[in-house]
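A look at the structure
Below are the chains, spelled out letter by letter.
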Amino acid sequence: MIKLTIRHLSALRELARTQSFTQAAPRLHTTQSNLSLAVQEAEHMLGARLFNRTTKRCSLTAIGLEFLPVIERVLADLQSGIENVKTQVQLQKGILSLGASALLTTRMIPDLLAVYRRNHPNIDLRIEDTATAEHVKLLRGGHIELALGMYSELDADLEQHPLLKVPLVLFAHNSLQTPKKMPWQKVMDKKLISIIRHSSVGQLIDRIFWQIHGRAYQPAIECHHRATVLSMTEVLCGMCIAPAHADQGNVYKNLVRIEIVEPIVSRTISIAHLRDHELSPAAQAFLTQLNNNPDFAG
């Protein structure tokens, strides 16, 4: 394999442009002898003479004329690649690809991304507002770089940065006249409307049921989306368990929030990425923003 270096290609291009060792050498910040050596090495590796030399000037041979466009393309592509890396490092271009649940993308994520966009207006944003269970697949498949949600500690290939803890609460229709606090033991005696059990919150609730009752969680109605759960709870005058921030905008006027105690159970919201994956400058900037946010535990 011929191992022409950037030094060789730059020497050939500059000499072809100037047709003079005397003019080309200072442009390359080298001596005429070093330039001559680089050209000779390139010709030796290629096994062909690229320049016709006289005492005063040199010109490309037929093979040299044919090879020059290749040199120009290689060096132009290299320069373009270097500039692309520089602009990404300087956050002048790039993509932030982030996975988050629909609940977080309607509550927490917009404010975070508004700050990010003000600081880095040239970064494109791609948000995968999918179920938390899908985030790990998207990370491992290279479709996203960061994911915001609750993830298992068993996912050893994930680097997780805890941000905040959100308690689980009971949302109940105000016609039920429930107390301001209710122990888990009494909550489990109610017929609940619930998020599906294989979701992150559903799995957390199920673990609590096993700890207290020694049986699986059996809600009366299961729904895929948190908004559906809250809407059904309001319309059917029922109860549901959800993260405390599920109704931050107080959209559901007929629902009251009940603290669940004995024990108080919280879900930890983390930002996650692949442990052995080098983050892009755009993703690293978002991670730094979260770590510097005083509202998060870090």
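This write-up is about the structure you can find in this document. What you are looking at is a predicted structure, and each value in this text was computed from that prediction instead of being measured. (Residues numbered from 1 in each chain as written. Predicted model: local features only at pLDDT ≥ 70, side-chain atom pairs only at ≥ 80, totals over all residues. Heavy atoms only, no water.)

Some words on the environment of M108
By the element assignment, M108 lies in the loop between α5 (102-107) and α6 (109-119). Apart from residues no more than four positions distant in its own chain, M108 is found in contact with L148, L164 and F296. (Helix = DSSP H or I, 4+ residues; strand = E, 2+ residues; numbered from the N terminus. Contact = heavy atoms within 4.5 Å.)

As for the side chain of E43
With respect to the element layout, E43 can be found in helix α3 (residues 32-46). Separated by 3.0 Å, the side chains of E43 and R53 make a polar contact. With residues near it in sequence (within four places) discarded, E43 still touches A48, R49, L50, F51 and R53. (Polar contact = N/O pair within 3.5 Å; in protein donor to acceptor, adjacent residues only side chain to side chain.)

Quick notes on empty space enclosed by the protein
The final tally for this structure, using the stated rule, is one cavity of 30 Å³ or more. Here the largest cavity is characterised by a volume of approximately 30 Å³. Forming the boundary of the largest cavity are L50, F51, L60, G64, F67, L68 and I71. Take the lining of the largest cavity: its biggest share by element is four residues, from helix α4 (residues 62-89). (1 Å grid on protein atoms, 1.4 Å probe; cavity = no way out; pocket = protein on both sides within 12 Å on 5 of 7 lines; lining within 4 Å. Points joined across faces, edges and corners; volume = space filled by probe spheres on them.)

Section: the environment of P69
Tracing the backbone through its elements, the reader meets P69 in helix α4. It is 9.3 Å that separates the C-alpha atoms of P69 and R13, two residues lying 56 residues apart in sequence.

Structural notes on a nonpolar patch on the surface
On the surface, I6, L78 and I82 cluster together into a nonpolar patch covering about 220 Å² of accessible area. Relative accessible area serves as the criterion here: at 43%, I6 is assigned to the partly exposed category. (Patch = residues over 30% accessible without salt bridge, like charges linked within 9 Å, V, L, I, M, F, W, Y side chains within 5 Å. Areas by Shrake-Rupley, 256 points an atom, 1.4 Å probe, with all protein chains shown as cover. Salt bridge = Lys/Arg side-chain N within 4 Å of Asp/Glu carboxyl O. Buried < 20%, exposed > 50% of the residue type's maximum accessible area, 1.4 Å probe, protein only.)

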